[in-house]
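Take a look at the letters that make up each chain.
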Amino acid sequence: DITERKALEQTVEERNRELVKAQALAAMGKMASMIAHDLRNPLSSIKMGLQIIGKQQKVDSRQAEELCHIGLQQIRYMEDILSDMLTFSKPEAVKVEWLNVDKLLDTSIGMVQQKMDQYGVHLSVRHQPGLPAFPGDISKLRQVLANLILNAAQATEENKEGDREVYIGTMLHLGSGGTAIRFEICDNGKGIEGRDSRHLFEAFFTTKSKGTGLGLAIVQQIVEQHQGSVELVRREPRGACAEVLLPTVGRTLSETVEKIDM
C-alpha cells in the first residue's frame, strides 16, 4: 500500500510550490520597492510641471495642451503599474468590518464610472433585497469589484457603439461550504479563449496590449484573503462572467470582527 507515500509526496510538492511562490513574491517586492523609490519622485516632479503648464493662461497652443494631456496620461499609467506591483508583492493585512452589500457595490461603481462613460458602456445592476451584512475589508473589496467591472467594460471595446453592456448582480449563495454573498459581473464582449482560461489569474499574464497582467492576480489574492473564491466563466451566447463568492461568516474573519466590536 503506497497511499501514505503518495499523500506525503503530494504534501511535499504543494509546500515546495508555496515556497517557490513566496520566494518569487519576496524578490518581486524588493524589486518593486526599489523601482518605486527611484521613480516616484521624478514622476511627481514631471506630473506637477505638466499640470502647471496645462493651467497657465498663456498656453494657447492646442498642440501644447494635447502634449500635456498625453504626458499626464502616461504618468498615471506608470503610477498604476507601480501601485499594482507593490500591492501584489506586499499585500497588506485585512482590516475587517461588517459591510453592506449595496453600499459596497455602489461605491465600487463610483470609482470607475468615469471610465465606463468613456467606453460608452450601458451598466445594469440588480440587487437581491435583504442581503445580510458580511465581514470584509471595504477598501480591498472595492478594489476587487472596481477591477472586475473595468475589465468587463474593456472586454466590450470591439463591440459597436450602443452594444456595449455590463451587468452586475448580487445574491445570496447557499453552498456546501456555507452561506456566501455572490457577485456576478458579466459583459457581452468577445469572451474567453479556451487556451487563456487556465492562466487568467496568473501574475503577469495578460491578453491586452497594455498592462502588467496583475489585475486579476490581485483580485484573486484579495478574495482568498477573505476566504472566498473567484472564477471567470464563459457567458452564452457571448461574453464572460466573473463570479465572486464571499462568505457571510468566516471563522477567522468573524473572530476579528468580534474583537473590533468589543
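Please refer to the structure placed before this passage.
Residues numbered from 1 in each chain as written. Predicted model: local features only at pLDDT ≥ 70, side-chain atom pairs only at ≥ 80, totals over all residues. Heavy atoms only, no water.

A. View of the overall build of the chain. From N to C terminus, the chain includes six helices and seven strands. The helix and strand sequence of the chain, counted from the amino end, reads α-α-β-α-β-β-α-β-β-α-β-β-α. Out of the 262 residues in the chain, the part that is buried amounts to 33%. A separation threshold of at least 6 residues defines the contact pool for the chain, and within that pool the share at least 24 residues apart is 73%. Carbon together with sulfur atoms contributes 52% to the accessible area of the chain, which is approximately 16,600 Å² in total. (Helix = DSSP H or I, 4+ residues; strand = E, 2+ residues; numbered from the N terminus. Buried < 20%, exposed > 50% of the residue type's maximum accessible area, 1.4 Å probe, protein only. Contact = heavy atoms within 4.5 Å. Areas by Shrake-Rupley, 256 points an atom, 1.4 Å probe, with all protein chains shown as cover.)

B. Fine view of the sheet that holds strand 5 (residues 178-187). Strand order in the open sheet made by the five strands is 2-4-5-7-6, with mixed pairing throughout. For this open sheet the edge positions go to strand 2 (122-127) and strand 6 (229-234), each flanked by a neighbour on one side alone. When the angles between neighbouring strand axes are averaged without regard to direction, this sheet yields 20 degrees. Bridge count for strand 5 against strand 7 (residues 240-247) is eight bridges, and the pairing is antiparallel. Residue pairing across strands places Ile181 opposite Leu246, the latter belonging to strand 7. Taken strand by strand, helix 3 (residues 101-119) contacts strand 2, strand 4 (165-175) and strand 5, and its axis lies near 180 degrees from that of strand 2. Here helix 5 (residues 215-225) sits on the sheet in contact with strand 6 and strand 7, set at roughly 135 degrees to strand 6. (Pairing = 2+ DSSP bridges. Axes fitted to C-alpha atoms, helices over the stretch in contact; angles between N-to-C directions.)

C. Structural context of helix 4 (residues 138-154). With 17 residues, helix 4 ought to run about 24 Å at 1.5 Å a step, and its terminal C-alpha atoms sit 24 Å apart, in line with that. Every buried residue belonging to helix 4 is among Lys140, Leu141, Val144, Leu145, Ala146, Leu148, Ile149, Leu150, Ala152 and Ala153, and all of these are buried. The backbone nitrogen of Ser139 lies 3.1 Å from a side-chain oxygen of the residue at the head of helix 4, namely Asp137. (Expected span 1.5 Å × (residues − 1). Polar contact = N/O pair within 3.5 Å; in protein donor to acceptor, adjacent residues only side chain to side chain.)

D. The nonpolar core, seen in detail. In this structure, Phe134, Leu148, Phe183 and Ile185 are the most contacted members of the largest nonpolar core, which totals 41 residues. Those elements that place two or more of their residues in this core are helix 2 (62-89), helix 3, helix 4, strand 4, strand 5, helix 5 and strand 7. Examining the composition of this core, we find that nine residues originate from one element, helix 4, more than from any other. Core analysis: the next-biggest nonpolar cluster, separate from the first, contains six residues, Leu43, Cys68, Leu72 and Ile75 among them. (Core = buried A, V, L, I, M, F, W, Y, C linked by side-chain atoms within 4.5 Å.)

E. The packing of helix 3 against helix 4, seen in detail. Interhelical geometry of helix 3 versus helix 4 gives an angle of 30 degrees and a closest axis separation of 8 Å. What the angle tells us is that helix 3 and helix 4 run roughly parallel. The two elements helix 3 and helix 4 meet at a crossing, and its hand is right-handed. Contacts from Leu104, Leu105, Thr107, Ser108, Ile109, Met111, Val112, Lys115, Met116 and Tyr119 in helix 3 reach Ile138, Leu141, Arg142, Leu145, Ala146, Ile149, Leu150, Ala153 and Gln154 in helix 4. For the contact of helix 3 with helix 4, a count of residues per class yields 14 nonpolar, three polar and two charged. (Parallel < 35°, antiparallel > 145°, perpendicular 65-115°, else oblique. Left-handed = near helix turned anticlockwise from the far one by under 90°. Nonpolar A, V, L, I, M, F, W, Y, C, P; charged D, E, K, R; others polar.)

F. Structural view of the environment of Gly177. Tracing the chain through its elements places Gly177 in the loop between strand 4 and strand 5. For Gly177 and Pro247, which are 70 residues apart along the polypeptide, the C-alpha to C-alpha distance reads 8.7 Å.

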